[in-house]
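# Remarks on the overall topology
What follows is the residue order along each chain.
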Amino acid sequence: MNSIAARTPGPPPSSNRIDRLRIRHLRLLDLVARSGSLTAAGEVLHISQPAVTKMLQELELAFGCTLVERTTRGGRLSPAGERALERLRAVLGAIDAAGEALLARPEVPLVRLGMLPLVGVDVLPRAVARLRAQGNLPRLAVREHTVDGLTAMLAEGELDCIVGRLQKDHAGQLKARAHITRLRNEYLAVVCAPGHPLALRRDVALADLHEGPWILPPRGTHTRDVFEQPFLDSGQLPPVPHIESASFHSNLAMAAAGGFLTLAPASALAHYQALSMVREVKLRNPFASGHLVFITPAQIESPPAVDQLREALEAVTTQDAGLPPATVRRR
């Protein structure tokens, strides 16, 4: 870090100077962060090295601090530059989203939705049907990923909202930079085919789960950690899976067909259980619970179409719980 810049603040930000910045000024910071080079950033922007230097000077003058530190390898963002980019990525994402929304059928709002794959089987289809019946269905650009992958895309402005499953530690990490609306409780269930030895037993103990064979998410995933911790806490080695797979739906289908045990969130289980393909194992001590939640960025106000999607999701999930439709709950 440049120690002089750290001790000597630059001139205060000027609203007039900030107003004169162009979108490419803002993209410059993002490109430097990704490439580690002012030269590479200039090549992407199709401008010369002197023009890149001038653009950076204008940017730093507008914000009143050093944003990029020169290094032997090119350049890197200063701590101030990193803080600025955290905010600006949401702006850049909103600009990109505006262009995407107006590219085709601009009269219909576009919502860029990130979700865990399990949400697409049960919760999202019913919310979509509800919005369509109301005449409020937006165009949806749906991206599936892990919780960590989706929250990273939300922070970088690539998504407008997320429907996913959070544990308490995830919620704590997101609280400062996201609005979180709790939709319903979500627990992890042990699942087997109807013909499995554990299918009809009640009060199944942890030690009984060694009967297997198991299909589990890969080691290092949050779900795998939640599964293994009770075994370790009780002095037992966790079961070794015969199959490792990150797809809950593939795991449930293989468990139904092949006599395996597997682990799945309740929202993924419901569809397959309704078809009598699998049964939930009745555990003496259930595994840790989480929450199905709707997440939007804290830095920007949600468009009306995003709020309508949230309301539809709240309506269908509160129906599942036998509760009246909830008011907005943001934490």
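Computed from a prediction, not measured in an experiment: that's the story for all the values here.

Quick look at the pattern of salt bridges now. One pass over the structure, following the stated rule, counts 15 salt bridges. Salt-bridge contacts for Asp160 lead to Arg112; the nearest nitrogen and oxygen are separated by 2.9 Å. Of this pair, Asp160 sits in the loop between helix H8 (147-155) and strand S5 (161-166) while Arg112 sits in strand S3 (residues 110-115), and the two are 48 residues apart along the sequence. Of the two residues, Asp160 and Arg112, neither departs from the other in class, the shared state being buried. Overlapping salt bridges bring together Arg219, Arg224, Glu228 and Glu244 as one network.

For the rest of this paragraph, the subject is the packing of helix H11 (residues 248-258) against helix H12 (residues 266-274). Between H11 and H12, the shortest axis-to-axis distance is 10 Å and the interhelical angle comes to 35°. For the pair H11 and H12, the crossing hand works out as right-handed. Contact residues: H11 offers Phe248, His249 and Leu252, while H12 offers Ala268, Leu269 and Tyr272. Residue classes in the contact of H11 with H12 are distributed as five nonpolar, one polar and no charged.

This brings us to the pairing of S5. Two faces, one strand: in a regular strand the side chains alternate between the faces of the sheet. Judged by how many residues are buried, S5 sits mostly within the fold: six of six residues are covered. The two faces of S5 match: Cys161, Val163 and Arg165 on one face and Ile162, Gly164 and Leu166 on the other face are all buried. Here S3 pairs with S5 via three bridges, running parallel. Note that in S5 the partner of Gly114 across the bridge is Ile162. In this structure, S5 lies alongside strand S11 (residues 289-297), joined through five bridges in antiparallel fashion. Residue pairing in the sheet places Arg165 in a bridge with Leu292 of S11.

Here the focus is the packing of aromatic side chains. Two numbers describe a pair of aromatic rings. These are the distance of the centres and the angle of the planes. Counted under the stated rule, the structure contains three aromatic pairs. Ring plane angle 55° and centroid distance 4.8 Å describe the contact between Trp214 and Phe227, whose orientation is recorded as tilted. Separated by 13 residues along the polypeptide, Trp214 in strand S7 (residues 214-216) and Phe227 in helix H10 (residues 222-233) bring together distant segments of the chain. For the pair shown, Trp214 and Phe227 are each scored as buried. Ring pairing ties together the aromatic residues Trp214, Phe227, Phe231 and Phe287, which thus form one cluster.

Each value, and the rule that gives it
All residue numbers refer to position in the chain's written sequence, counted from 1. pLDDT decides what is reported in this predicted model: residues at 70 or higher carry local features, side-chain atom pairs at 80 or more are listed and counted, and totals for whole chains, interfaces and linings draw on all residues regardless. Think of the side-chain values as coming from all heavy atoms in the structure, minus any hydrogens and water. Salt bridge, as used here: a side-chain nitrogen of Lys or Arg that lies within 4 Å of a carboxyl oxygen of Asp or Glu. Only DSSP runs of H or I with at least four residues qualify as helices, and only runs of E with at least two residues qualify as strands; both kinds are numbered from the N terminus onward. Each residue is placed in one exposure class: buried if its accessible area under a 1.4 Å probe, protein chains only, is under 20% of its type's maximum, exposed if it is over 50%, and partly exposed if it falls in between. What counts as an axis is a line fitted to C-alpha atoms, over the stretch in contact for a helix, and the angles between N-to-C directions run from 0 to 180 degrees. The crossing is said to be left-handed when, going from far helix to near helix, the turn is anticlockwise and less than a right angle, and right-handed when the turn is clockwise. Note on contacts: a residue pair qualifies if any of its non-hydrogen atoms lie within 4.5 Å across the two residues. Think of it as three bins: nonpolar holds Ala, Val, Leu, Ile, Met, Phe, Trp, Tyr, Cys and Pro, charged holds Asp, Glu, Lys and Arg, and polar takes everything else, Gly as well. Following DSSP output, two strands are said to pair if at least two bridges run between them. Planes of paired rings set the category: under 30 degrees apart is stacked, over 60 is edge-to-face and the rest tilted, where pairs are Phe, Tyr or Trp rings (Trp by its six-membered ring) whose centres lie within 6.5 Å.

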